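# Residue-level structure breakdown
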Amino acid sequence: MLADHLPSALDLARSQFAFTVVWHFLFPAFTIGLASYLAVLEAFWLATGRDIYLDTYRYWLKIFAVAFAMGVVSGLVMSYQFGTNWSVFSDKTAPVLGPLLGYEVLTAFFLEAGFLGVMLFGLERVGRRLHFLATALVAGGTLLSAFWILSANSWMQTPAGHVLDAEGRFVPESWWAVIFNPSFPYRFAHTVTAAYLTTAMIVGAVGAWHLLRDRFNPRARLMFSMAMWMAAIVAPVQLVLGDLHGGNTYHHQPAKVAAMEGHFESERRAPSILFGWPDAESGSTKWQVGIPGLASLYLAHDLDAEVTGLKALPRDTWPTNLPLVFWAFRVMVGLGLLMIGLGLCSLYLRWKDRLYETPWLHRFAVAMGPSGLVAVTAGWVVTEAGRQPFTVYGLLRTADSLSPVAAPAVATSLAAFAVVYFAVFGAGIWYLMHLFNQAPRPHEPGPPVGQPVRTAGITPAPALAADPRPTPAE
């Protein structure tokens, strides 16, 4: 029978959640930074009165509207999976995670929803300062959303501030300890900075693409210049934040770090393994190429420090897919180093007054356009696959978190998700690429305004024939 050849319900449920989360995370990783970028552009327009900032704002506002909508739609699906596939996990963690996710809706989502319409369609309808306030509040809402979501995720990584009741449920004992759990400050700073870099890479790629077509386009120059400043300043900061986050993870989740590094043996002057293939069965990393002592230096900040290997930890606490964690970490770090390289190259050419006249730099920036999205996805894989085999690290196993569902049912829904997601979000991404391809121009139109689309009933043709209101001036 087909059921005998399917993966287990546990593996299918994990794959389904991973699939939907990867698709969802692409959009907030972009819109968190883009909302702040729009707020900065509008602030510069208000401060200087220069239309170039308003034109660039309107250009990216259309893109923000599409990406934000896809982020909301893709995020709704995941909440249902907590009930369908992970009901035991939901039951045991609801006293802690339920309020955190509820706070995200009550603060961040309501703030975004309340002012998004003003931001998208209100520039000619409300005062400039009120419109800027709406943009700033939407940007603040995206950061609040990241705050609560990352607090919940960090608690699952480094649980604190709770007790277990008689039924084995996690009950809050100190909300301060729950929210500001040991890994949260590092994960929040690292993830938000990654979102800003993701936006910078996309904005820089679009600006560079249009500079390759017309290097005198002032709006493309503005986009590219601002993105390169972000890469030059924030990418090195991200390296420092990543080091701090890694040190915190090494202290609280040593098995994850050992998997990231490919270390099976505990040793002093531990090498940083650049390439290799971790093999759990043989207990070694095959074909490894490394730099002696470097891992001890950046993990413990001591060249002679002993680094804990996987063999020093219980076998049933090892991450279940060591090569995935190992290589995803290298993809994330490698792309981060390329971002730093792009920023340094742009600084040098800016100093030489050749930032807009160097085609190889523009091609480099175009090639780096998707790098932020790939890097944040790889970072998510390291975080979540490295936490296995637990949903709540060290306390609740993934195998014990599953709903009583059959593998064929999960396989069917996973297949349906795949078809719908690739169709819907594939079309959305294609439309975003279409918007990226349009050159920024003077008097850039924002999102369309006017009569709403009528989806049912008789079209009120006389009412639509003429609008007595004057067209707002650009």
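Residues numbered from 1 in each chain as written. Predicted model: local features only at pLDDT ≥ 70, side-chain atom pairs only at ≥ 80, totals over all residues. Heavy atoms only, no water.

## What to know about the overall build of the protein
Which entries qualify depends on this criterion: Here a helix means four or more residues in a row that DSSP labels H or I, a strand means two or more in a row labelled E, and each is numbered from the N terminus. It is over C-alpha atoms that the radius of gyration is taken, and the globule rule equals 2.2 Å times the number of residues to the power 0.38. Here, residues are in contact when the closest pair of their heavy atoms is within 4.5 Å. Shrake-Rupley sampling with a 1.4 Å probe provides the accessible areas, and residues are treated as covered by the protein chains on show and by no other component.
On a plain count of helices and strands, the protein comes out with 15 helices and 8 strands. In terms of overall size, the protein behaves like a compact globule, its C-alpha atoms giving a radius of gyration of 24 Å where 474 residues would be expected to give roughly 23 Å. With respect to the principal axes defined by its C-alpha atoms, the protein has extents near 75 × 60 × 50 Å. Here the contacts in the protein between residues at least 6 apart in sequence split such that 78% fall between residues at least 24 apart. With the model as given, the accessible surface of the protein reaches about 22,300 Å², and the carbon-plus-sulfur share is 68%.

## Describing the nonpolar core
Under the convention used in this document: The term nonpolar core refers to a set of buried residues drawn from Ala, Val, Leu, Ile, Met, Phe, Trp, Tyr and Cys, joined through side-chain atoms within 4.5 Å. Think of it in three bands: with a 1.4 Å probe and only protein chains considered, a residue is buried below 20% of the maximum accessible area for its type, exposed above 50%, and partly exposed in between.
The biggest cluster of nonpolar side chains holds 93 residues, and the ones touching the most others in it are Trp60, Ile63, Phe64 and Phe224. Once residues lying within four places of it in the same chain are set aside, the contact partners of Phe64 are Thr31, Leu34, Ala35, Leu38, Leu116, Met119 and Val138.

## Quick notes on unusual backbone geometry
The step from Gln388 to Pro389 runs through a cis peptide bond, and the omega angle for that step is 15 degrees. Mapped onto the fold, Pro389 is located in the loop between helix 13 (371-387) and strand 7 (390-392). Phi is positive for Arg269, which is not a glycine, with a value near 50 degrees. Assignment of secondary structure puts Arg269 in the loop between strand 3 (267-268) and strand 4 (272-279). Backbone geometry places Trp287, a non-glycine residue, at a positive phi of 55 degrees.

## Section: the packing of aromatic side chains
Cut-off, in case you're wondering: Each Phe, Tyr or Trp ring (for Trp, its six-membered ring) is paired with any other whose centre lies within 6.5 Å, and the angle between the two planes then decides the class: stacked below 30 degrees, edge-to-face above 60, tilted in between.
Enumeration according to the criterion identifies 30 aromatic pairs in this entry. Considering the side-chain rings of Phe417 and Tyr421, the 5.8 Å spacing of their centres and the 85 degrees angle between planes classify their relative orientation as edge-to-face. In this pair, Phe417 and Tyr421 are both assigned in helix 14 (residues 407-437), 4 residues apart and thus about one turn of the helix distant.

## Side note on a nonpolar patch on the surface
This is how the line gets drawn: Surface patches are drawn from residues lacking salt bridges whose relative accessible area is over 30%; two like charges belong together within 9 Å, two nonpolar side chains (Val, Leu, Ile, Met, Phe, Trp, Tyr) within 5 Å. The term salt bridge refers to a pairing of a side-chain nitrogen on Lys or Arg with a carboxyl oxygen on Asp or Glu at a separation within 4 Å.
Taken together, the side chains of Leu274, Phe275, Trp277, Trp287, Val289, Ile291 and Trp327 define a hydrophobic patch exposed on the protein surface, amounting to about 730 Å² of accessible area. Elements represented by at least two residues in the nonpolar patch include exactly strand 4 and strand 5 (284-291). With respect to the element layout, Val289 can be found in strand 5.

## Some points on the side chain of Lys256
Here is the rule we go by: The sign given to each residue is positive for Lys and Arg and negative for Asp and Glu; His and the chain ends receive no count.
Take Lys256: it is sitting in helix 9 (residues 254-261). Glu384 is the oppositely charged side chain nearest to the buried, salt-bridge-free Lys256, at an N-O distance of 6.4 Å.

## A look at the packing of helix 5 (residues 128-157) against helix 13
Applied cut-off: Orientation is described by axes fitted as lines to C-alpha atoms, over the contacting stretch for helices, and by angles from 0 to 180 degrees between their N-to-C directions. Helix crossings fall into two classes, left-handed where the near helix is turned counterclockwise from the far one by less than a right angle and right-handed where it is turned clockwise. All residues other than Ala, Val, Leu, Ile, Met, Phe, Trp, Tyr, Cys, Pro, Asp, Glu, Lys and Arg, Gly among them, are scored as polar; the first ten of these are nonpolar and the last four charged.
The N-to-C vectors of helix 5 and helix 13 enclose an angle of 35 degrees; their axes lie 10 Å apart at closest approach. Of the two possible hands of crossing, helix 5 and helix 13 adopt the one that is left-handed. Across the interface between the two elements, Asn153, Met156 and Gln157 of helix 5 pack against Thr383, Glu384 and Arg387 of helix 13. Partitioning the contact of helix 5 with helix 13 into residue classes produces 1 nonpolar, 3 polar and 2 charged.

## Some points on the pairing of strand 4
So the rule is basically this: Paired strands, as defined in this entry, are two strands with at least two bridges between them according to DSSP.
Two elements, strand 4 and strand 5, share 6 bridges in a ladder whose sense is antiparallel. The residue bridging Ser272 from the neighbouring strand is Ile291, located in strand 5. Here strand 4 folds back onto strand 5, and the loop between the two strands holds 4 residues, one of which, Gly283, carries a positive phi near 70 degrees.

## Here we look at helix 8 (residues 218-252)
Turn by turn, an α-helix covers 3.6 residues, leaving residues three or four places apart pointing in a common direction. Selection rule: Multiplying 1.5 Å by the residue count of a helix minus one yields the expected span of that helix. Think of it this way: the bend at a residue is just the angle between two axes, each fitted to seven residues, one set ending at that residue and the other starting at it. A 3.5 Å cut-off defines polar contacts: any pair of N or O atoms within that distance qualifies, except that in protein one atom must be a possible hydrogen donor and the other a possible acceptor, and neighbouring residues in sequence count only when both atoms are side-chain atoms.
Relative to the 51 Å expected for 35 residues at 1.5 Å per residue, helix 8 spans 49 Å between its end C-alpha atoms, a close match to the ideal helical length. The largest bend in helix 8 comes to about 30 degrees, at Val234, with the proline Pro236 one to four residues further on. With a side-chain oxygen lying 3.0 Å from the backbone nitrogen of Arg219, the N-terminal cap of helix 8 falls on Asn217.

## Points about the pattern of salt bridges
Where side chains of opposite charge bring their charged atoms close, a pairing between them can arise. Evaluated as defined, the whole model comprises 12 salt bridges. Two residues, Lys286 and Asp279, come together in a salt bridge whose shortest N-O distance is 3.1 Å. For Lys286, a relative accessible area of 32% gives the class partly exposed. Overlapping salt bridges, with partners in common, bring together Asp91, Asp165, Glu167 and Arg169 in one network.

## Re the side chain of Gln157
Mapped onto the secondary structure, Gln157 falls in helix 5. With relative accessibility at 1%, the residue Gln157 sits in the buried group. Among the polar contacts listed, one links the side chain of Gln157 to the backbone oxygen of Thr383, at a separation of 3.5 Å. For Gln157, the residues in contact, after removing those within four places along its chain, are Ser183, Arg187, Gln253, Lys256, Thr383, Glu384, Arg387 and Tyr393.

## Section: helix 2 (residues 9-48)
The terminal C-alpha atoms of helix 2, which comprises 40 residues, lie 59 Å apart, in line with the 58 Å expected from a rise of 1.5 Å per residue. Of the residues trailing helix 2, Gly49 is marked for its positive phi of about 75 degrees.

## Considering the environment of Ala67
Tracing the backbone through its elements, the reader meets Ala67 in helix 3 (residues 51-84). C-alpha separation for the pair Ala67 and Phe30, spaced 37 residues apart in sequence, amounts to 7.8 Å.

## Considering the environment of Leu197
Take Leu197: it is sitting in helix 7 (residues 184-213). Once the C-alpha coordinates of Leu197 and Ala235 are considered, the two residues, 38 residues apart in sequence, prove to be 7.0 Å apart. Excluding residues within four positions of it along the chain, Leu197 makes contact with Met230, Ala231, Val234, Ala235, Gln238 and Met339.

## Structural notes on the packing of helix 7 against helix 13
The condition is simple: Working definition: roughly parallel below 35 degrees, roughly antiparallel above 145 degrees, roughly perpendicular at 65 to 115 degrees, and oblique for all remaining angles.
Put simply, helix 7 and helix 13 touch, their axes get as near as 7 Å, and they point 155 degrees apart. The angle between helix 7 and helix 13 places the two elements in the roughly antiparallel class. Between helix 7, through Arg187, Ala194, Thr198, Met201 and Ile202, and helix 13, the contact on the second element is made entirely by Ser371, Gly372, Leu373, Val376 and Thr383.

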